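In case you want the letters, here they are:
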Amino acid sequence: DQSGLAYSVGTTLDRFIKLKQSDFPFASGELSQLLRDIALASKIVNRETNRAGLSNIGGAFGQTNVQGEEQQKLDVIANIRFIRALSKGGEVCAIVSEEEDAVIDLQNKSGKYVVAIDPLDGSSNIDVNISIGTIFSIYRRKTPIGSPIQEEDIMQPGTEQVASGYVLYGSSTMLVYTTGFGVNGFTYEHSLGEFFLSHPSIQAPKNGTIYSINEGTQEEWNSGIKEYIDACKSANFSARYIGSLVADFHRNLLKGGIYLYPATQKNPNGKLRLMYEANALAFIAEQAGAIATDGTKRILEIQPTSLHQRTPLFIGSEIMVTEAVEHLKKHQFSI
Ligand code: P6P
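Residues numbered from 1 in each chain as written. Predicted model: local features only at pLDDT ≥ 70, side-chain atom pairs only at ≥ 80, totals over all residues. Heavy atoms only, no water.

Named according to an unreviewed UniProt entry, the protein chain is Fructose-1,6-bisphosphatase class 1 originating from Algoriphagus iocasae. The protein chain has a UniProt comment under Pathway (unreviewed entry) that states "Carbohydrate biosynthesis." (UniProt positions renumbered as here; feature names shortened; annotations may be inferred.)

The following block contains the structure:
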């Protein structure tokens, strides 16, 4: 049947979004358009990412910046590209960005959606050609369309997300997202400029043998985390830590694994940001049968109190995260 075609590997993102729109009986197409706007911006950022290394020899490739401007950092470029695409797309009224101290009010009287985004996470990896990613969450505004943006439009818990996803600029570029009806992954074919469905209905393995944590901060961990990581080592698990959350998360989602960023002395609330990193991946994780917690509660249930607040993050295969939290709880008052 027609819908079966939409989910067959190889269908384009555009076609998939259009046909999945029927998941929303009252959909008027704005969310579909918003997802397309995000995909468009990710194609542009993908191109800039692939060229980044050439900017220093731009002259030889005719890419000198004619204004002679100093080559902007890639995460700044990504921020500009996503804000521009979301602003032009017309569906968004406000943006929370990792690159912006304050909420960006797009002054869009008809925009129904609020987007929280980390335009390019892992930017320390850009100059050494390691995978990086974009992470985004989409919310519906709470106050009447056209009225001034209020705090309640912005400070929404992750359970209120209508969609979330990430773009992984890796050996290939992938867009993975959910609208609450499962998780689907699309791989970019740059010669055609299209994302194609390559990973339909992603389900995370319930268990795994891969753990991702920065062992350099071991002396700062709660003893429960130390105990869990020692148990992983005793079980001959594999340590895989890229230093890029999206890349570590994506590998663990497909293969089974756990990513841990606990509270440390340097980051007593963890390092990762709730609104535009943890919430988006937590929604994806839960939709894929995995789990995401701050050690005491579901990430998605945390009520935000500030735009850039951090949270400890334990995310990945259900059995691994559950075990890690059990160790944590046994020692919860000991650093
Ligand atoms: P650390 C990148 O800066 C990031 O936000 C995540 O992508 C990554 O997993 C983590 O921080 C790395 O942090 O402290 O281990 O270098």
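There is more to say, and it comes next.
*Asks:* Outline the nonpolar core, supporting the account with residue identities and numerical values.
*Replies:* Core analysis: the biggest nonpolar cluster contains 39 residues, and Leu34 and Ile138 have the highest contact counts within it. Sequence-distant contacts of Ile138, that is, excluding residues within four places in its chain, are made with Leu31, Leu34, Leu35, Ile38, Tyr113, Val114, Val115, Gln161, Val162 and Ala163. Listed in part, the 32 residues of the second largest apolar core include Tyr166, Ile202, Ala280 and Ile284. (Core = buried A, V, L, I, M, F, W, Y, C linked by side-chain atoms within 4.5 Å. Buried < 20%, exposed > 50% of the residue type's maximum accessible area, 1.4 Å probe, protein only. Contact = heavy atoms within 4.5 Å.)

*Asks:* I'd love a proper account of the pairing of strand S7 (residues 183-189), names of residues and values included.
*Replies:* Along a regular strand, successive side chains alternate from one face of the sheet to the other. By the criterion of burial, S7 is predominantly enclosed, with five of the seven residues buried. The pairing of strand S6 (residues 173-178) with S7 spans five bridges and is antiparallel. Bridging across to S7, Tyr177 finds its partner in Asn184. Counted along the chain from S6 to the antiparallel partner S7, the turn is four residues long, and its residue Gly180 has a positive phi close to 95°. For S7 and strand S8 (residues 194-199), the ladder comprises five bridges, and the chain directions are antiparallel. Looking at the pairing, Phe186 lines up with Leu197 of S8. With antiparallel pairing between neighbouring strands as the criterion, S7 and S8 make up a hairpin whose turn holds four residues, including Gly193 at a positive phi of roughly 70°. (Helix = DSSP H or I, 4+ residues; strand = E, 2+ residues; numbered from the N terminus. Pairing = 2+ DSSP bridges.)

*Asks:* Explain the site of the ligand residue by residue, including any values.
*Replies:* In the vicinity of the ligand, the residues found are Asp121, Gly122, Asn214, Tyr241, Gly243, Ser244, Leu245, Tyr259, Tyr261, Lys271 and Leu272. Tyr261 places a polar side-chain atom, nitrogen or oxygen, 2.6 Å from an oxygen atom of the ligand. For the ligand, whose accessible area on its own is 400 Å², the fraction buried by protein is 80%. Here the shell around the ligand is composed, by residue class, of five nonpolar, four polar and two charged. (Near = heavy atom within 4 Å. Polar contact = N/O pair within 3.5 Å; in protein donor to acceptor, adjacent residues only side chain to side chain. Areas by Shrake-Rupley, 256 points an atom, 1.4 Å probe, with all protein chains shown as cover. Nonpolar A, V, L, I, M, F, W, Y, C, P; charged D, E, K, R; others polar.)

*Asks:* Outline the sheet that holds strand S10 (residues 238-239), supporting the account with residue identities and numerical values.
*Replies:* The strand order across the open sheet built from five strands is S10-S9-S11-S15-S13, with neighbouring strands paired in mixed fashion. Every interior strand has two partners, whereas the edge strands, S10 and strand S13 (291-293), have only one. Sheet topology note: the S13/strand S15 (residues 313-316) ladder contains three bridges and is antiparallel. Each bridged residue has a counterpart across the sheet, and for Ile291 the counterpart in S15 is Gly316. Packing against the sheet, helix H6 (residues 223-234) makes contact with strand S9 (210-212), strand S11 (258-261) and S15, and its axis sits at approximately 150° to S11. (Axes fitted to C-alpha atoms, helices over the stretch in contact; angles between N-to-C directions.)

*Asks:* Quick one: what's the story with the UniProt feature "binding site: substrate" (unreviewed entry) in the protein chain, residue by residue and with numbers?
*Replies:* In this numbering, the UniProt entry assigns the feature "binding site: substrate" (unreviewed entry) to Asp121, Gly122, Ser123, Ser124, Asn214, Tyr241, Tyr259, Leu260, Tyr261 and Lys271. Within the fold, Ser124 resides in the loop between strand S3 (113-121) and strand S4 (132-140). You can call Ser124 exposed: its relative accessible area is 59%. With respect to the helices and strands, the residue Tyr261 is situated in strand S11. Tyr261 sits in the buried class, given a relative accessible area of 10%. Not counting the four nearest positions on each side in its chain, Tyr261 is found in contact with Tyr241, Asn267, Gly270, Lys271, Leu272, Pro312 and Leu313.

*Asks:* If you had to explain the confidence of the model for the protein chain to someone new, which residues and values would you point to?
*Replies:* Predicted confidence across the protein chain gives a mean pLDDT of 91, with 91% of residues reaching 70 or more. Here the predicted complex carries an ipTM of 0.98, next to a pTM of 0.93. (pLDDT = per-residue confidence, 0-100.)

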